[in-house]
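Analysis of the macromolecular model
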Amino acid sequence: MKPFALNYARPAVELEAATPYVYDSGLQLNVLLDGRVAAGDHALLRELGTTTSTAGSKTHFDD
């Protein structure tokens, strides 16, 4: 017997997206590929809304 929920459960869709910044553990901030702090790039923030840090948790933000 198969549980009812398994008839409708689907794997989460993984979206492929390139992140224009990386986490710098020395600065503990997200930085752009040219070394500037990502939170200081106003065009990036307008486009993405925020730069979510991947250090430990998805709830930390670079303000």
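Check the entry above for the structure.
Residues numbered from 1 in each chain as written. Predicted model: local features only at pLDDT ≥ 70, side-chain atom pairs only at ≥ 80, totals over all residues. Heavy atoms only, no water.

Relative to the helices and strands, L48 resides in helix α1 (residues 42-48). Linking L48 and T19, residues 29 residues apart in sequence, is a C-alpha distance of 9.8 Å. (Helix = DSSP H or I, 4+ residues; strand = E, 2+ residues; numbered from the N terminus.)

Another point: the pattern of salt bridges. Tallied over the entire structure, the rule returns two salt bridges. A salt bridge links R36 to D34, with the nearest nitrogen and oxygen atoms 2.8 Å apart. Judged by relative accessible area, D34 falls into the exposed class, the value being 53%. With its nearest N and O atoms 3.6 Å apart, the salt bridge here joins R36 to D41. (Salt bridge = Lys/Arg side-chain N within 4 Å of Asp/Glu carboxyl O. Buried < 20%, exposed > 50% of the residue type's maximum accessible area, 1.4 Å probe, protein only.)

It is worth spelling out the pairing of strand β2 (residues 29-32) at this point. Pairing of strand β1 (residues 21-24) with β2, which is carried by four bridges, proceeds in the antiparallel orientation. Residue pairing in the sheet places Y21 in a bridge with L32 of β2. Where β1 folds back on β2, the antiparallel hairpin that results is connected by four residues, among which Q28 adopts a positive phi of roughly 60 degrees. (Pairing = 2+ DSSP bridges.)

Worth remembering: the numbers are spatial, not functional.
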